[in-house]
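Chains, contacts and geometry: an overview
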Amino acid sequence: MCSPEEEALLRLEEVFSSTLARINSLVLQPLLTAEPSNPQGRECLRLLQQLHKSSQQLWEVTEESLHSLRRRLCHQDSVGLESLLLLCSADRVLRIHVEYIEAYTSCVVVQAFQKAAKKRSEYWRGQRKALRQLLSGVSSEASVGTTLVQALRQPLAHHVQQYVLLLLSLGDTVGERHPTRELVVHAATLFGNLESFMRQALDQATATQALWHTLSSRLRDVLCTPARRLLQDSQHIPVTVTPLRAERVLLFDDALVLLQGHSVHTFDLKLVWVDPGQDGCTFDLLTPEEELSFCSKDPQGRVSVDGLAVEGDSGCVPGPAWEEGLPHAGGGPGAPRAPHLPLPGIHLPRRGSALPGHLRGRVVPGQAPWQGHPEVARWPESRGEFLPGPGARASEDKFDCYKCHWWEGSMCGYGICEYSTDEVYKGYFQAGLRHGFGVLESPPQAPQPCKYTGHWERGQKSGYGIEEDGDRGERYIGMWQADQRHGPGVMVTQAGVCYQGTFQADKMVGPGILLSEDDSLYEGTFTRDLTLVGKGKVTFPNGFTLEGSFGSGPGGGLHTQGVLDTAALPPEPSGTRKRQLGVGAFPAESRWQGVYGPFRDFVSAGCPGDLQEALLGFHVQNSRELRKSQEYLCCERTQPEDRAGRMEDVLDELLQHREPRALRQCLRKALSNSLHPLGKLLRRLMLTFQATYAGIGANKHLQALAQEEVKQHAQELWAAYRGLLQVALQRKGQAPEEDEDTETRDVQVHGLVLPLILPSFYSELFTLYLLLHETEDGLYSQGIAHLSLFPDTKLLEFLDVQKHLWPLKDLTLTTNQRLSLVRDKCFLSATECLQKIITTVDPREKLEVLERTYGEIEATVSRVLGQEHKLPMDDLLPLLIYVVSRARIQHLGAEIHLIRDMMDPIHTGGLYDFLLTALESCYEHIQKEDMRLHRFPGRGDSRRPW
């Protein structure tokens, strides 16, 4: 049977839900209609929008609570007390209340209500009566701004107070051994703390708002931010500060400010140590720039070192009720916030202890760790504190340097760490350990230079990763476990030898394959040091095979016993191209989940601005830039509100550019911007691509692996855009777009995204195509060299181009000269057009160049014939061979195969496919032996290439 307390809770929720709906329509929505005319107005509007969003979330959770209470009352026998939202999800309900309070107090600090109300003063004067119906104890003479402040505060305060009373009463009705007793007590405790927190937060906001009126406009512009709260003002308690003779001291929750005439000295509290005095009335603050002494002028006053609050008989501004952001219960970015409320007071570390939060400061040999210029903190690898200052030995001046996001004293999220070994790690941490995707690189001058790019698990290499051993000239591509190569893997050496097989405990075991630089292929077993042993088969480049047993011979050579088969014909070049490594062993969609994952988490969390950096990384490209950046030196953190504002701009832009042409430009801009989430994701994928396929990894047997990786990246970036778009629609209250089918997605990926990202991977990818088709391109180059010796007319005759199609009208020479001396004049426009195929990396643009080339050939023929003429394939092919030979495009085979692999499948079977097939046919004809070896034909001795 339901208790009276539950029925009272039901009525309380009904009233509060109705009140929130009225507040939304009567107060918040009209406030949002004001058009900002200056930066301050835009800031106020942004804060009001955040408050409106928080109010909406508060109404939604109230409705959920109301639903759970009604369900409980209607189904008392089957639905237990523990089903009530206030009990089973008290932490979530608390968090939503806190977010509303934080948004509300930020508006109070900058007087957002009063400023917005001035824009529509006549409207608000007409709404006074309706507003007062929501309130009690508000004077009819109160200003509109004051009434608005109370309307958004009083109902919530009353509601939370009633929560506490009813939950305490409910706790008295359930027995000590009742299964829900603990839930009820927990909820009552939480909302009791929330009530206290609300009072403190509101008092702090009011005091902070009052402070700005006592300062000049210049100081307000410097110091006033919505998130900043005043804790103490030396106007209330007289305090002297030495050596700086400060006229006024302001203690905020994030900074200590000393006002000295027109000078403002600001000290970040995260860069401060405390050295308490013996008498309790003095203490020293140690900052990177200064050592300040504080002393109370009033003997009745005292200085509290632990809370850093100056108190006395004349009054005290309450200490902070909320630390810098609620702690995350799960220990990682985006995890649910903890249900407990932290204790009031800012607790600063004492001299010699580790700094909380973002660790900052720099140790200078021979100085105390708090002396010198601010920089990211450095300390010995085994300790979380600075070395003693004076007397530190030079040999001890080896420190680790971190720039990272922190949680509960441990590195968590994206970070950059420079170790005492001069190794640098850039990637993700969890609980102080490398976890997720990251890059660990030793300096080039190290005895054994090494670089690992890949996945980590609890501080160890685990999952898919790439390791380059600069000392041995090897690169391993494959799976890892517990810091060892374990699972399928590929080894590429600087000598061009490649291995593929299964690794266990850093050694290759069982069957595998070996590919040498000359395309010899070994299939069989290896020893752990990659020596051929046991049964195997070798296929030589000329097609011969050797099958038998292999082992170590006398003197360390290779000994074999088997059958040599010399009957086989030399393999076709296309056969050796099929020998691609890694395909099937490492599915493209599973290789870089550690890169895609944080982005998906960021989107799933609704793209919160304050998590953007922790999940997507800092905007720092290399260690030199890192050391030069002001952010690195001073650790000035961007305010979460500013980051959120930028994120709102990103999402708004996506909503405004959804038409095909506008979308292409929008994506191009986003992908080229290293601060944009999509741009950050692309740059991280570029880093992995270079780590895999540049340098030692530039091996022709990895071409297929790279090709499918680029296509997978295009799919993931399109999915990332779609995820951002859904978040943008959700924030605007619009219906989400329907899920795409596979065909629609492929059209967008190949037609839109792939051409935009291909330039980012083109250098490494095209190098692999060059190496893979090197032999064919060599034969093609020989053919071009021989054909270039022909005059135009001789070449046209040799290619069996019908003479009535020859553009002799273009030439201003005699008939004999035309037949023997003319070169590079015929079909000049088509030749120059085809040469443009190498000026772009977009497969579609290359195909468009080919189409225009075909058009120029037909236009020239039509001009010669004096009428429009469509060329049949028999006439087109020899003319196209002529144009290709005169265009002299290097590495045409690599170009053709890259176009074929990367072009949009929608063109398969169409005009572009036909033209590309014709170009392939030309390429193959030019490689033929009679093209490469044919000499100048004599008159009447025309050679036919087919």
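Residues numbered from 1 in each chain as written. Predicted model: local features only at pLDDT ≥ 70, side-chain atom pairs only at ≥ 80, totals over all residues. Heavy atoms only, no water.

Looking at the sheet that holds strand β6 (residues 273-276)
On the basis of which strands lie adjacent, the open sheet formed by four strands has the order β2-β8-β7-β6 and antiparallel pairing. Lying at the two open borders of the sheet, with one neighbouring strand each, are β2 (239-242) and β6. Each adjacent strand pair in this sheet contributes to an overall mean axis angle of 25°, direction not counted. Pairing between β2 and strand β8 (residues 291-296): four bridges, direction antiparallel. The partner of Thr242 across the bridge, within β8, is Ser293. (Pairing = 2+ DSSP bridges. Helix = DSSP H or I, 4+ residues; strand = E, 2+ residues; numbered from the N terminus. Axes fitted to C-alpha atoms, helices over the stretch in contact; angles between N-to-C directions.)

Here we look at the pattern of salt bridges
Tallied over the full model, the rule gives 31 salt bridges. Arg199 is the salt-bridge partner of Glu195, the closest N and O atoms lying 3.9 Å from each other. Taken together, the residues Glu195 and Arg199, both in helix α10 (residues 181-212) and four residues apart, mark about one turn of the helix. For the salt bridge of Glu848 with Arg844, the shortest nitrogen-to-oxygen distance reads 3.3 Å. Separated by four residues within a single helix, Glu848 and Arg844 lie in helix α27 (residues 843-865), roughly one turn from each other. (Salt bridge = Lys/Arg side-chain N within 4 Å of Asp/Glu carboxyl O.)

Some words on the side chain of Thr860
Tracing the chain through its elements places Thr860 in helix α27. Within the structure, the side chain of Thr860 is placed 3.0 Å from the backbone oxygen of Glu856, a separation counted as a polar contact. (Polar contact = N/O pair within 3.5 Å; in protein donor to acceptor, adjacent residues only side chain to side chain.)

Focus: helix α23 (residues 774-787)
Since the α-helix packs 3.6 residues into each turn, any two residues three or four apart lie on the same face. With 14 residues, α23 ought to run about 20 Å at 1.5 Å a step, and its terminal C-alpha atoms sit 20 Å apart, in line with that. When α23 is considered as a whole, its buried residues turn out to be Glu776, Asp777, Tyr780, Gly783, Ile784 and Leu787. Buried residues in α23, looked at end-on, bunch into an arc of 115°, giving them a common side. Those residues of α23 that are exposed and angled more than 90 degrees off the buried face are Glu774 and Thr775. (Expected span 1.5 Å × (residues − 1). Buried < 20%, exposed > 50% of the residue type's maximum accessible area, 1.4 Å probe, protein only. Arc of directions from axis to C-beta.)

A short note on the pairing of strand β18 (residues 474-481)
It is a general feature of regular strands that their side chains alternate between the two faces of the sheet. Of all eight residues in β18, six are buried, a share of seventy percent or more. The pairing of strand β17 (residues 460-469) with β18 spans seven bridges and is classified as antiparallel. Bridge pairing links Tyr464 to Met479 in β18. Sheet topology places β18 next to strand β19 (residues 484-493); seven bridges connect them, and they run antiparallel. Bridging across to β19, Gly478 finds its partner in Gly489.

Remember that the coordinates give geometry; whether it matters functionally is a separate question.
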